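Residue-level structural notes
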Amino acid sequence: MELSGEAVEITALKKAEDGKCLIIRLFEPTGKKRTTILSLPWAAARKKVSFSAFEIKTLSFNPRTGVFRELDLLEKPLREPR
């Protein structure tokens, strides 16, 4: 797993409770707006992720479908923007 840039950190990585997805938690620690690219070379997957200052984001990644979804801190799906 790789992140572009130097500031955003991967703070947690685990299997989802259902065992189907990977849960990835990211954190912007510098107090600045940032964008990073999360790469999963083993799955040939990439996701651009934008952060506000000190923001925490939780993503799920389904290796079967190659789909990333943004979750809240309780790992519930966020509503997709309209």
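For the structure itself, consult the block above.
Residues numbered from 1 in each chain as written. Predicted model: local features only at pLDDT ≥ 70, side-chain atom pairs only at ≥ 80, totals over all residues. Heavy atoms only, no water.

**Examining the pairing of strand E3 (residues 22–27)**
Quick note on the threshold: Any residue under 20% of the maximum accessible area for its type is buried, any over 50% is exposed, and the rest in between are partly exposed; the area is computed with a 1.4 Å probe on protein chains only. Secondary structure follows DSSP: runs of H or I at least 4 residues long count as helices, runs of E at least 2 residues long count as strands, and numbering of each begins at the N terminus. Two strands qualify as a pair provided that DSSP identifies no fewer than 2 bridges between them.
Burial analysis of E3 places five of its six residues in the buried class, which makes it a mostly covered element. Pairing between strand E2 (residues 9–15) and E3: six bridges, direction antiparallel. Paired with Leu13 across the two strands is Ile24, which belongs to E3. Here E2 folds back onto E3 in antiparallel fashion, the turn holding six residues, of which Gly19 has a positive phi close to 75 degrees. The pairing of E3 with strand E6 (residues 56–62) spans six bridges and is classified as antiparallel. Its bridge partner lying in E6, Phe27 is registered against Ile56.

**A few points about the sheet that holds E2**
The line we're drawing: Every axis in this analysis is a line fitted to C-alpha atoms, fitted for helices over the stretch in contact. Angles between the N-to-C directions lie between 0 and 180 degrees.
Here four strands make up an open sheet; going across it, the order is E2-E3-E6-E7 and the pairing antiparallel. Unpaired on one side and paired on the other, E2 and strand E7 (67–71) mark the two borders of the sheet. Looking at each pair of strands side by side, their axes are set apart by 25 degrees on average, direction ignored.

**Thoughts on the side chain of Glu28**
As a reminder, the rule being used: Contacts described as polar in this section are N or O atom pairs within 3.5 Å, which, within protein, must combine one atom able to donate a hydrogen with one able to accept it, while residues neighboring in sequence count only if both atoms come from side chains. Should any heavy atoms of two residues lie within 4.5 Å, those residues are counted as being in contact.
On the secondary structure map, Glu28 appears in the loop between E3 and strand E4 (34–40). A polar contact of 3.2 Å, which involves the side chain of Glu28, links it to the side chain of Arg34. What Glu28 contacts, discounting residues up to four positions off in sequence, is Val8, Arg34, Phe51, Ser52, Ala53, Phe54 and Glu55.

**Thoughts on the packing of aromatic side chains**
Selection criterion: Between the rings of Phe, Tyr and Trp (Trp by its six-membered ring), a pair exists once the centres lie within 6.5 Å; its type follows the angle of the planes, with under 30 degrees stacked, over 60 edge-to-face, and the other angles tilted.
For the structure shown, the criterion picks out two aromatic pairs. An angle of 85 degrees between the planes, with centres 6.0 Å apart, marks the rings of Trp42 and Phe61 as edge-to-face. In this pair, Trp42 is assigned in the loop between E4 and strand E5 (45–51) and Phe61 in strand E6, connecting sequence segments 19 residues apart. Using a relative accessible area of 56% as the deciding quantity, one classes Trp42 as exposed.

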